Every structure is written in C-alpha cells, then in structure tokens.
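# Observations on chain architecture
One-letter residues, chain by chain:
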Amino acid sequence: MSDLREMFFEECDDLLEGLSTGLTALEGDTGDDETINSMFRSVHSIKGGAGAFGMDRLIEFAHAFENVLDLLRSDKLQVDGPITALMFLATDHLSDLVNAARDEIDLPASEGLSVLSDLKLVSQDPGAAPTAVADAQEEDVTGFVPLTLDLGDAFTELPDISGAITECAFDISFAAEPALYANGHDPALLFRTLSKMGELSISADTSAVKPLEADTGELAALSWSLHLVPDEGVNEEAVREVFEFVEGLCQLTITACSPDDAPELSIPEDTEAVDHLPAGTEAPTKAAAAVGAKKKSDEARNATIRVDLKRVDRLINLVGELVISEAMLRQSIDELPRSANSAVSEAMGQLKQLSGSLQESVMAIRAQPVRSLFQRMSRIVRESAREAGKTARLVMVGEATEVDKTVTERLVEPLTHMIRNSVDHGLETPQDRIEAGKPEQGIIRLEAAHKSGRVVISLSDDGAGINRAKVRAIAEEKGLVRPEEDLTDTDIDNLLFRPGFSTATEVSNLSGRGVGMDVVRNEIQALGGRIALFSEQGRGTKLTISLPLTLAVMEGMVVTVAGESLVVPTLSLRETLQPGQADIHAFCDEDRALSLGGDLIPIIDLGASLGFRPVLTDFSDQSILLIEGDSGRRTALAVDGIIDQREVVIKGLEQNYQQITGIAAATILGDGKIALIVDTDQVITSPGVSMPSRQIRPELNGVPQHV
Amino acid sequence: MSEATPQDQAAAWIEIVSFAICEQAFCLDIGHVLEIRGWTTTTTLPHAPDYVIGMMNLRGNVLPVVDLSMCLGLGKTVPESRHVIIIACINEKTVGFLVDAVSNILTVNAADMQSTPDVSSERTAAFIKGVYMVEDTIVRAIDVHQILQQQEEVSAA
C-alpha cells in the first residue's frame, strides 16, 4: 500500500509539472486545444488517485479545478488574464495540497479557501466571471467549436478515404517545434515540395513571435496555414509523405475538404470529449479520428521508464571502474617494449573512446532537464512579488538543459533564496520603475546553458542594481572593511557574500540581499560550483552559478605528499609556484609565509597538516599550490611534487568509514591506488588541522615533532 | 533437547571462518564474510586511530582496513604479502580485517559457544563474545559489532 502511495505522489510530481508547463504555454499564448486537454487530464488523474487514498480535501479542490478546465476545453469559458491568474493560484494550491497529503500534515482550513470559492464561482456561472464568455452554443449539436486558442491539433487523422477525395483541397496547419529546426529541417523546403503538387497558398501566423527585445531564443514561434488545391492524382497520403521526415517534430493537421468549403472544424484529441456528442451521424467517424490522433500524439512523446536511483548509481560506479581499469591497462601497455604493441595500442585507443562515451551516456541517465526546477521557481517569483507588492514576470531560457538529478535537487534551496532576493531587493517598486522609465512589470530572467563541460545557471533582474555606496557604508559599519580601504566595484559586490553581512535597513520578511548569501554560496560550493555577481547601476543585477555536470566526477591536481598521492580540487586552485628560498619568510619557530606581489600568504604544509609527517622547516624543494578559500583568503599549500591534472571519479568515504577532517572524498588512480581528495577549505580554516605540531601523532615514523 | 525438531537442529548449525592472529585462533560468522584477499597496499588516512591501517580499493569500493591484532591488544602488525585481509560486511558497512592467516571454515553448533573465561581483561570482554572448542583448540569468536563500534567512537572523538 505504501508503495502505491509513493507511486501516486511520484506521478503527482509529473502531473503537476505538466500542469504548469501547460499554464506557461497558455500564458505565453502558445497553447492549443491539446494543452488544455492535457491539463484537464493531469488534474483529473490527481483527483482519481486522491480518491483511491481518500484524500478528501485534495479531491474537493481537484474537482473544482477540473470543472473550470472542463469549461475551458469545451469553450464555455475563454482563457484570459484573470482566468490564467486563477489557474496559477489553483495549481500552486493543488501542489500544496499534494505535498500536505504526502507529508500527512493538515493545511490550515483557511488556506486556499478563496481560490476554491473562485473556482466554484467560475464553474457554476461562467458568465459571472468578469471576462468569461457565456457560451450560447451550449446546445450545439456537434459540441465542437474551434477554440479561440487556435493553432492546429497534433496529428488529427481522418479515416482513410483518400481514394474518394482526390478532387478535394487540403487545409494544412503546420507549427514547427524547436527540434525541427535543431534537426536541420526547413519548413520552406517542405512548402516548396507541396507547391509542386498543386496550387498552394500559404499564410504565416506570426502572432506568437515576441518583440526582438523580449525574444527568448525560442525559434518555434511561427506557424503556418496552408491551403492546397492538388493536381490530379495527388491524394492525402502523398501530402502526408511530404511531412514524413518531420513527424514528431511539428504540430501538423491535414484536413481534406471540398475546394469551396470552409475548413472543417478542428477535432479535440481527448476521447473524453467525444462523450459529449449526441449520437449523431458524424459521431463515430469523429470518435475514430480522435482515438487515432490520441495514439499518435502519445507516440510522439518520448518514451521514458522509471528506474530506482540505486541501480543507476551502481551502473555509474561500474562504468567509473571500467574507466579506471582502462587507464590501468593503458599505463601498463605504455610500459611495454615499444615494438610489440602497435596493434595493441590501436585497440587501446578504441577502448578508451568506447569507455569514454559509455561513461558519458551513463552520466546522461541521471541527467534531467532543469525544467521542473525552473517551474518551481516561477511560483516563488509569483509569491514573493505578491508579498513585496511588486509585479514581476519570470522569463525562463534553456529549460531543456540537462543537469545531474542530485544537482537540480540541491539547487532548489539556494535558487529560491536568490529569487526572493531578486524580487525583494533587486526590483524596484512599480512606482520607482515608472519614474525610472521602465515598464511597471519587472523581469526576472532564469537561464541555463552548458558551457565547456559545466552548467551555467544565471539569474538576472532588470532592477536598480546594487547600491554600492550603501553596501560599502554598511560593511564599514560592521567592520568588514576599513574606511581607507580601496575597493573595486567587484570587491564591493562580493561583500554581499561575506558571512554576517546584511543590508540591515532593507531586511524584510522575505530576505535581504546579503542575508544568507554566504549560505547560498556555501551551498553552491558544496556542489562543486562557483557563484559570481555582476551588477550595473540602474540596469539590474545578475548572479551566475557555474556547476559541474555531475557530482560523480571532478577536476583535480594530483600531488604527492610524504609518499602519498593526494588530489587537490582545481576549483579553488589559482596558481602553482616553485618558490625560490628568498620568497619564504619565517615567523617564529615553524610558521612560514610566502611573499607574492606584495602580499604575505601563509604557507600550510599539507603533509604535516594531515598528520603524515612533522612540519617542514625548509620549503625550497616544495611546490606551492596557491589556494583561494571561501572568503577570498589566499593560502599557499606546500606539497612535495605535482604529478598532473586530471578528471577523477569521486568515491565517498562515509559509506564504509566516516568523514575525515581535511579530506573531502577519495578517488582511484590509474594504477589502482586510492588517492584522497583534499578539502582545501577545511585545511585552510580548521584550526585543528592547520596547527600540525599539536596534532601530529609521535608514533608516526617514530620521528620527533620538531626536526 | 529431545523434543527439538530437525529444523531447530539445522538452524543451530552455523559456519564460521577461523583465522590466526599471533598464534591465537579467532573466528567470525561466515555470514559477515564477503571474501578473503591477500594483502594489498593501503592509503594512509589522516587523523585515523592507530588500528585503522588505511583505505583499500576493492574493485572500486573504497573501504578501511582494520588491524585486528592492534584492536585485540596483540601489537601492531607490520603487513607483508603473506598477510590476509578478510572483507566483511557489518551493518551495511564494508570493512577489511587484517589477520595473519585464514585457517579453516568450520561448522559448529551455535549452542556450543562457551562464555569467555572470567580472567578476561576489559578488552577481551568487549571484543570476544565467546569461544568454541574445536578438537583441541580454542577458537575465540569475535564480536564484529563491537569492533566497528569502537572504530566509530574513536574516530568521532
């Protein structure tokens, strides 16, 4: 039973996601009949599941929501601003109810009450809603009136009567998906082929094309209506064949009609809609067509399977092993006498390539688009805007960008925080915006993209930008900077990430920009990411997060210390140096500092700080890794030697052992040996670790503590 | 005992893996043992208790190797190629135990376990849960949970 329950809630996540996708499409005017149908099905399925588990409140709400959607899909109600807004509220509340049911908590009875009563009001009397259109055609025999939402139905298929209608004309509505362009198809070529089959007239629908400045980079805003009066012998099949190669990449409706007739009414795809039909002569054909269409559109969707994450993790581990074994094999082959191995090394090359792409494909299994994460954020924008008394719109770009599932999950908190900040402090009040000559509605832009093996997620607002004078004043007040200190704009912006920084006068019940930004940064860094901030006075602020594609692999510098191989993550690594003795200055007994460009940087002997050996007194033979910690503090790590820089597969230590201070994880090198991955922040900041002489275990090597 | 059904008697039989440390015989329940391997080099862990020798790579799994001799107060083992690592799974954690040699797999009756003699020191009492008499030798049954627990306590401290 609990399994079933769990499955229901998992399904709910998908359904709710589908619901918000649909809503966003409706809001952006890119929705069609199928959008509303699928939204209806989502709510209906949630209601059904809730019924099975006796979640009464959820059932009641879903039912009211469903009624409104039903009116929309039967065109008794039209989509407009207030209705869309109501549906957004309803979706948010529905998701609250689902979460409450999952966690088995009771939401306060008052919550969502107004949404529920609005839904009921609208569904009881569509005319009562301010802009709802009373539908006079309720008794219309066909039951089908084309929705004003427009654009073609996907794959509506009429029964094969092509032989009989070669004389007929065809009405074709064609809307390309972004994938069509991505795959290198060109609608113009398709149309050209069609034009050879008869007399073709084309009109393009440009209504969904956004103004240039608001262009989100989506290419698929255009749709076309074509009317073809075919030459003799051209049947529907031939027309369909033209679109054969773009099947699944577009929304296509081909309707046969007699040349003089108006185009046939479009057919909603949902089979449930057919129930409304009176038993008329046309009904059976239409039902058949609708069923066929439904099947096709289902096929067009990507087939997916649910897999237990543990199985995927196991697969990822195995592939990691394979890659390591491959590296081991290569290493030993390289050591063979040269003459013997040309065929072998060729085979090795192939194996390397194969294992590389195998690793990539396996990693891709855990990858999922950031869409669901972004959609959660659109709710945060709405809610924080409401609380702050501002109007804001979330523009999402690159929702299809794929990131490791763990990464998207762990991004929820920091992103939520950042978005609240953006709305609360980034955007000005509507009044101020109008005075500044900006549109009243602020725009929050959330973008995701892949850049050189990393994922870059950026969040920007078109607000006032950071008030640097104020930030500086506050930092001085809090003693974070001295008044005489010379700070660049970037330095000042980065003050926002300092722990304890807060633009106190601006703190509200949401959050202040700066309050908790250090926490946000820590969370991003825990994911192996970096965060950067850019701000332009009067134009807005942009936060950029750069993350590794997966948490399983990272880039590291392999070094040796006291005979052990260690890996230092390159994330915080700024520079490597071979110091001349002159650059190192002693302080008292064992502390050393490196002078570099006028700064004195403390040196930490990595071997000693990990307790592998007593602290060194002579660093002239050491290599220095210059590390920049969390707070921008620089530290020089002394190591015996640097071997190379490479990608390493991360192996947690907690599973069989436990956390070790100063060590983040382990990895396996090409020769099968384990190398520990250094947690540079801990080595730098943890006082216990950076004072090696008091930590060292005398029994190690049997050497005295001071040499 | 005459009323005991055949099933009860069957359930009472357990298999143990016996091994030697400093010429004393010890054993643990075969249910814990995943495999037995020859000594391989380990990677030293910083800030680890003295009986944790280091981490070893078992086909991609990173697991700690514990010097059982050190744990039992029999002195530090200087590992050589003749030493053996028993890979054991305890409470879902995989741990390697370094021992001198593995002797045998024996089937004993669980009811035949005798309590540890009273002469026991605190350490003996903690890590030895009992003994089996196998022919003329005494085989000391190790309480693996205690060993793991000690490892956790020491390293948490």
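Residues numbered from 1 in each chain as written. Chains lettered and ligands numbered in written order. Predicted model: local features only at pLDDT ≥ 70, side-chain atom pairs only at ≥ 80, totals over all residues. Heavy atoms only, no water.

## Description of the overall build of chain A
- Of regular secondary structure, chain A possesses 22 helices and 22 strands.
- For chain A, buried positions account for 46% of its 707 residues.
- When contacts within chain A are restricted to residue pairs at least 6 apart in sequence, long-range pairs at least 24 apart make up 70% of them. (Helix = DSSP H or I, 4+ residues; strand = E, 2+ residues; numbered from the N terminus. Buried < 20%, exposed > 50% of the residue type's maximum accessible area, 1.4 Å probe, protein only. Contact = heavy atoms within 4.5 Å.)

## Description of the pattern of salt bridges
Residue and element names in this part refer to chain A.
- All told, the structure shown has 26 salt bridges over all chains when counted by the stated rule.
- In this structure, the salt-bridge partner of Lys 47 is Glu 66, at a minimum N-O distance of 2.8 Å. With Lys 47 in helix H2 (residues 33–53) and Glu 66 in helix H3 (residues 56–73), the pair connects residues that are 19 residues apart, well separated along the chain. By the burial criterion, Lys 47 is buried, and Glu 66 matches it.
- Here Arg 379 and Glu 383 are joined by a salt bridge, their closest N and O atoms 2.9 Å apart. In this pair, Arg 379 and Glu 383 both sit in helix H13 (residues 371–388), 4 residues apart, roughly one turn of the helix.
- Look at Arg 379 and you get buried, because its relative accessible area is 14%.
- In this structure, a network of salt bridges that share partners links the residues Asp 92, Asp 96, Arg 379, Arg 382 and Glu 383. (Salt bridge = Lys/Arg side-chain N within 4 Å of Asp/Glu carboxyl O.)

## Observations concerning the sheet that holds strand E21 (residues 663–668) of chain A
Residues and elements named next belong to chain A.
- Reading across the sheet, the 5 strands line up as E20-E12-E13-E22-E21 and stay open at both edges, with mixed pairing between neighbours. This sheet does not close on itself; its edge strands, each paired only once, are strand E20 (641–649) and E21. Between one strand and the next, the sheet's axes are offset by a mean angle of 35°, whatever the strand orientation.
- Summarising the sheet, strand E12 (residues 553–561) and strand E13 (residues 564–569) pair through 6 bridges and their orientation is antiparallel. Within E13, the position partnered with Val 561 by the bridge is Glu 564. (Pairing = 2+ DSSP bridges. Axes fitted to C-alpha atoms, helices over the stretch in contact; angles between N-to-C directions.)

## Regarding the side chain of Thr 84 of chain A
- If you trace the backbone, Thr 84 of chain A turns up in helix H4 (residues 81–103).
- Discounting residues that sit within four places of it in the chain, Thr 84 of chain A has contacts with Leu 23, Glu 27 and Val 79 of chain A.

## Concerning the interface of chain B and chain A
- Taken together, the contacts link 23 residues of chain B with 25 residues of chain A.
- Around 2100 Å² of area is buried between chain B and chain A when both sides are counted, 55% of it from carbon and sulfur atoms.
- Taken as a group, Pro 46, His 47 and Val 62 of chain B account for 30% of the area that chain B buries against chain A, more than any other trio of residues on that side.
- Applying the counting rule to chain B against chain A returns 0 salt bridges.
- Joining chain B to chain A, the criterion identifies 5 residue pairs in polar contact (both at pLDDT 80 or more).
- Within the residue set of the side of chain B that touches chain A, elements represented by two or more residues are strand E4 (52–58), strand E5 (61–67), strand E7 (93–99) and helix H4 (144–156) of chain B.
- The greatest single-element share of the side of chain B that touches chain A, amounting to 4 residues, is contributed by E4 of chain B.
- Here the residues of the side of chain B that touches chain A are counted per class, giving 10 nonpolar, 9 polar and 4 charged. (Buried area = accessible area lost by both parts, 1.4 Å probe. Polar contact = N/O pair within 3.5 Å; in protein donor to acceptor, adjacent residues only side chain to side chain. Nonpolar A, V, L, I, M, F, W, Y, C, P; charged D, E, K, R; others polar.)

## Points about the pairing of E13 of chain A
All names here are of chain A.
- For E13, the buried fraction is high: 5 of the 6 residues fall into the buried class.
- Here E12 folds back onto E13 in antiparallel fashion, the turn holding 2 residues, of which Ala 562 has a positive phi close to 50°.
- In this structure, E13 lies alongside strand E22 (residues 674–678), joined through 2 bridges in parallel fashion. The residue of E22 that forms the bridge with Val 567 is Ile 677.

## Overview of helix H1 (residues 2–27) of chain A
Residues and elements named next belong to chain A.
- For H1, with 26 residues, the first-to-last C-alpha span of 37 Å sits near the 38 Å given by 1.5 Å per residue.
- The complete set of buried residues in H1 reads Phe 8, Phe 9, Cys 12, Leu 15, Leu 16, Leu 19, Ser 20, Gly 22, Leu 23, Ala 25 and Leu 26.
- Directly beyond the C-terminal end of H1, a positive phi value near 65° is found at Asp 29. (Expected span 1.5 Å × (residues − 1).)

## Considerations on the confidence of the model for chain B
- The share of residues in chain B with pLDDT of 70 or more is 87%, and the mean pLDDT across the chain is 82.
- Scored by ipTM, the complex comes to 0.80, with pTM at 0.52. (pLDDT = per-residue confidence, 0-100.)

## Some remarks on the pairing of E5 of chain B
Residues and elements named next belong to chain B.
- A large share of E5 lies buried, amounting to 6 of its 7 residues.
- Here E4 hands over to E5 after 2 residues, with Arg 59 in that stretch at a positive phi of 45°.
- Pairing analysis gives 3 bridges linking E5 to E7, with the strands arranged parallel. Within E7, the residue paired with Asp 67 across the bridge is Leu 98.

## Re the packing of H1 of chain A against H13 of chain A
All names here are of chain A.
- Here H1 crosses H13 at 65°, and the two axes come no closer than 10 Å. Between H1 and H13, the crossing angle belongs to the class labelled roughly perpendicular. Judged by the twist between their axes, the crossing of H1 over H13 is left-handed. Residues Glu 17, Ser 20, Thr 21 and Thr 24 of H1 touch H13, and the partners they reach there are Arg 371, Ser 372 and Gln 375.
- Of the residues belonging to the contact of H1 with H13, the class tally is no nonpolar, 5 polar and 2 charged. (Parallel < 35°, antiparallel > 145°, perpendicular 65-115°, else oblique. Left-handed = near helix turned anticlockwise from the far one by under 90°.)

## Digging into the sheet that holds E4 of chain B
All names here are of chain B.
- If you trace the 5 strands from one edge of the open sheet to the other, you get E3-E6-E7-E5-E4, paired in mixed fashion. Strands at the two margins of the open sheet, each flanked by one partner only, are strand E3 (33–38) and E4. The average angle at which neighbouring strand axes cross in this sheet is 30°, direction not considered.
- With 7 bridges joining them, strand E6 (residues 84–90) and E7 adopt antiparallel strand pairing. By the bridge assignment for E7, Ile 90 is matched with Lys 93.

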